[in-house]
Amino acid sequence: MKKFFITHQNDLLLIGITLIAVILLLWLTKFTYGFIIKKLQTKFNPKSLKSLLRVKQILNTLWIIIGLGTMSFAFLNQETIDKVKDKMELIVYVGVVIILTILFAAAMQLFFSKQIQEKIREGEDSTNLQFLQYLGTIAVYFLGVLLIILAFPSLRTLAGTILGGAGILAVVIGIASQEALANLVSGIFIITFKPFKIGDIVKITEEMMGTVHDITLRHTVIQDFQNKMIVIPNAIINKERLINYDLSDNKVRQWVFIRISYDSDIDLAKKIMYEESMNHPFTIDNRTPLEKANKEPVVLVKVVELQESCVMLRAWVWTNNYADSFTLKCDLYESIKKRFDAEGIVMPFPHRMLVFKDEKDQESYKNPKYNDDSTSKD
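The paragraphs below set out a description of the structure included in this document. On a predicted model such as this, the values are computed, not experimentally measured, just so you know.

1. Remarks on the environment of E275
Then, in step 1: The topology assignment puts E275 in helix α10 (residues 266–279).
Then, in step 2: Note: C-alpha distance between E275 and V299 (24 residues apart in sequence) is 9.0 Å.
Then, in step 3: Here the side chain of E275 touches K271 through a polar contact of 2.7 Å, side chain to side chain.

Here it is as structure tokens:
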């Protein structure tokens, strides 16, 4: 045994030192990661720091690979050691490029996230910054992939072809992924011409309505009022006719429709609708100076239609935004209904009159059991 240790003293020393170095590097990586996270998590969203965890995992993998490769030198001849060194250098290069790519992309995202938060605090539009964040992140990852390709001699020719034939590549990609490019171009049009921006309330159909949550390179995300995320490709939403409640003036004119019977007092019904509308806290005075000078009412209530079995009344009520208008409409339907019930205004509902040819049919209708018995006898 002693002879074995003396013979392989240098190899055992190499293995021991390498093992200690790997353990030390793993501990140092863990300590540095924890220290950086503590410093940054008070300033940034924890979700945006997940990339640092990936960097830590890649570093740990590199330390283990380098350690195993170094310890293998004790069992290999010089020619094989040279080959292993070349492979290790390539692995280290790829690992460093991946780490730098992730760090640059994370730094860019943190920078834009900070700028976006400042824009939001100041009440300004942050849509452009979010779109630039996506473009910048893709550019960084594309550069990282290109540098990794250049590290492999067999792939350098392919990389040169990609760079030299960018025009041909664009045509090929355009044919192969027309939908993806259409979404990208539509996203750029949306950001440039701004038919809507992040934070706007938009309505595409009755089912697709809500607040614009995000605009990416591929799609637009709308958060509806049930807190569901609706993902719509940019190429589709760019073609749709939509209503933007926040495009210019946020004020909304809400229509409140009420039907009353022909026997009810129209003037009293209009008075109740006016009073209930004026008493609601979300009602605002949106009259022009001329309308105020002419003493036009804040809330206009009119008979808009004489239907077959009722009189249709409509109140025009202004609110500051769409959310207030929806709440106001629900509240007014309830309060007006209660006032109508209290003051004798009838809101009609469908009636059906049955005419029987003889008493037997009438008795059969009133007494289904009699009808069943008579049928069974027949």
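From this point, things continue past the structure.
2. Looking at the packing of aromatic side chains
Then, in step 1: All told, the structure shown has four aromatic pairs when counted by the stated rule.
Then, in step 2: Taking the centre distance of 4.6 Å and the plane angle of 45° together, the rings of Y245 and Y322 count as tilted. Separated by 77 residues along the polypeptide, Y245 in the loop between β5 (243–244) and β6 (252–260) and Y322 in helix α12 (residues 322–343) bring together distant segments of the chain. Here Y245 matches Y322 in class, with each residue buried.
Then, in step 3: Among the aromatic residues, those joined into a ring-pair cluster are F225, Y245 and Y322.
Then, in step 4: In this structure, R314 is placed above the aromatic ring of W255, and the distance from its NZ or CZ to the ring centre is 4.0 Å.

3. As for the sheet that holds strand β8 (residues 311–319)
Strands in a sheet are paired, the pairing made by backbone hydrogen bonds, and the direction either parallel or antiparallel.
Then, in step 1: Across the sheet, which stays open at both edges, the three strands sit in the order β6-β8-β7 with antiparallel pairing between neighbours. The sheet is open, and its two borders are formed by β6 and β7 (300–306), each paired with just one other strand. Within this sheet the neighbouring strands show an average axis-to-axis angle of 30°, counted without direction.
Then, in step 2: By the bridge criterion, six bridges tie β7 to β8 in an arrangement that is antiparallel.

Reading guide: rules and limits
- Residues numbered from 1 in each chain as written.
- Predicted model: local features only at pLDDT ≥ 70, side-chain atom pairs only at ≥ 80, totals over all residues.
- Heavy atoms only, no water.
- Helix = DSSP H or I, 4+ residues; strand = E, 2+ residues; numbered from the N terminus.
- Polar contact = N/O pair within 3.5 Å; in protein donor to acceptor, adjacent residues only side chain to side chain.
- Phe/Tyr/Trp six-rings, centres within 6.5 Å; stacked < 30°, edge-to-face > 60°.
- Buried < 20%, exposed > 50% of the residue type's maximum accessible area, 1.4 Å probe, protein only.
- Lys NZ or Arg CZ within 6 Å of the ring centre and 35° of its normal.
- Pairing = 2+ DSSP bridges.
- Axes fitted to C-alpha atoms, helices over the stretch in contact; angles between N-to-C directions.

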